[in-house]
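Architecture at a glance
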Amino acid sequence: MEKNQLYPVFLKVTALNTLIVGGGNVALEKLSFLLKSSPDAKVTMISPFFREETIAKAKEGKVRMVVGNYDSSMLEGKHIVIATTDVPAVNLQVYNDCKERAILVNLADNPPYCDFYMGGIVTKGNVKIGISTNGKSPTMAKRLRQFFESVLPENIDDLAEYLNKYRDTIKGDFEEKVEKMNEFTKGLVADVKKKIKE
């Protein structure tokens, strides 16, 4: 059985510079995904044209739009690049340019040319869950996202805030704090399992 070897991370995209190459439907989808998860993400887009919906979405965030053709000079200072054009040669050029500069790159809908995937995300306040199908089925990731959104209580963020405050009251070194937090929260998992079965 194939194993998902991806390592999940949560990037502070407000501190990183993201470039989206393209201005069509896929670019809009990727931009929407980024801004939904991180409304203050720093994004630049380059394309000969932009759809009206993309322009409207860009105005919701800190998005710089450049009308023109992709050029490798656009990679200066970028940390993450997403290529979404409908011209395979352009996307491949973006990929190769990024690999030369050790920049993380994603060629939309082309898993072999992706350093990362933009999986499903569930957000409830400070609580965020990332979902990956190893690039096999975005539809399944979407359905799992919908499932978790429906079963996680709306007030789960209150619990996260409470646990954060409780952690600050615990005395001792790091290991002692971890042990006490583990003991304190052990019953939470049992409670959630019980509620799901009901």
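That block above? That's the structure.
Residues numbered from 1 in each chain as written. Predicted model: local features only at pLDDT ≥ 70, side-chain atom pairs only at ≥ 80, totals over all residues. Heavy atoms only, no water.

The subject of this paragraph is the sheet that holds strand E4 (residues 80-83). Strands sit in the order E3-E2-E1-E4-E5 across an open sheet of 5 strands; the sheet is parallel. Strands with a single pairing partner mark the edges of an open sheet, and in this sheet they are strand E3 (62-67) and strand E5 (104-107). Averaged over neighbouring strand pairs, the angle between their axes works out to 15 degrees when direction is ignored. Two elements, strand E2 (residues 42-47) and E3, share 6 bridges in a ladder whose sense is parallel. What sits directly across from Ser47, in E3, is Val67. Along the sheet, helix H1 (residues 25-37) makes contact with strand E1 (17-21), E2, E3 and E4, crossing E1 at roughly 160 degrees. Seen against the sheet, helix H3 (residues 88-100) touches E1, E4 and E5 and runs at an angle of roughly 165 degrees to E5. (Pairing = 2+ DSSP bridges. Helix = DSSP H or I, 4+ residues; strand = E, 2+ residues; numbered from the N terminus. Axes fitted to C-alpha atoms, helices over the stretch in contact; angles between N-to-C directions. Contact = heavy atoms within 4.5 Å.)

The next point concerns helix H5 (residues 156-169). An ideal rise of 1.5 Å per residue puts 20 Å on 14 residues; H5 measures up with 21 Å between its terminal C-alpha atoms. Within the span of H5, buried status applies to Ile156, Asp157 and Leu163. One side of H5 holds all its buried residues, which, seen down the axis, span an arc of 120 degrees. For H5, the exposed residues lying more than 90 degrees away from the buried face are Asp158, Lys165 and Asp168. (Expected span 1.5 Å × (residues − 1). Buried < 20%, exposed > 50% of the residue type's maximum accessible area, 1.4 Å probe, protein only. Arc of directions from axis to C-beta.)

The phi dihedral of Ala102 is positive, around 55 degrees, even though this residue is not glycine. Turning to its location among the elements, Ala102 is positioned in the loop between H3 and E5. Positive phi, normally seen in glycine, also occurs at Asp109, with a value near 60 degrees. Structurally, Asp109 is set in the loop between E5 and strand E6 (120-124).

Evaluation of the coordinates by the stated rule reveals 2 aromatic pairs. Arranged with centres 4.9 Å apart and planes meeting at 90 degrees, the rings of Tyr95 and Tyr113 form a pair that is edge-to-face. Note that Tyr95 is positioned in helix H3 and Tyr113 in the loop between E5 and E6, a separation of 18 residues in sequence. By relative accessible area, Tyr113 is classed as partly exposed at 30%. (Phe/Tyr/Trp six-rings, centres within 6.5 Å; stacked < 30°, edge-to-face > 60°.)

The next subject is H3. Taking 1.5 Å as the rise per residue, H3 with 13 residues should run 18 Å; its terminal C-alpha atoms sit 18 Å apart, in good agreement. Taken as a whole, H3 has its buried residues at Asn91, Val94, Tyr95, Asp97 and Cys98. Buried residues of H3 fall within an arc of 170 degrees about the axis and therefore sit on the same side. With respect to the buried face of H3, the exposed residues turned more than 90 degrees away are Pro88, Ala89 and Glu100. Check the buried side of H3 and you find it contacts E1, E4 and E5.

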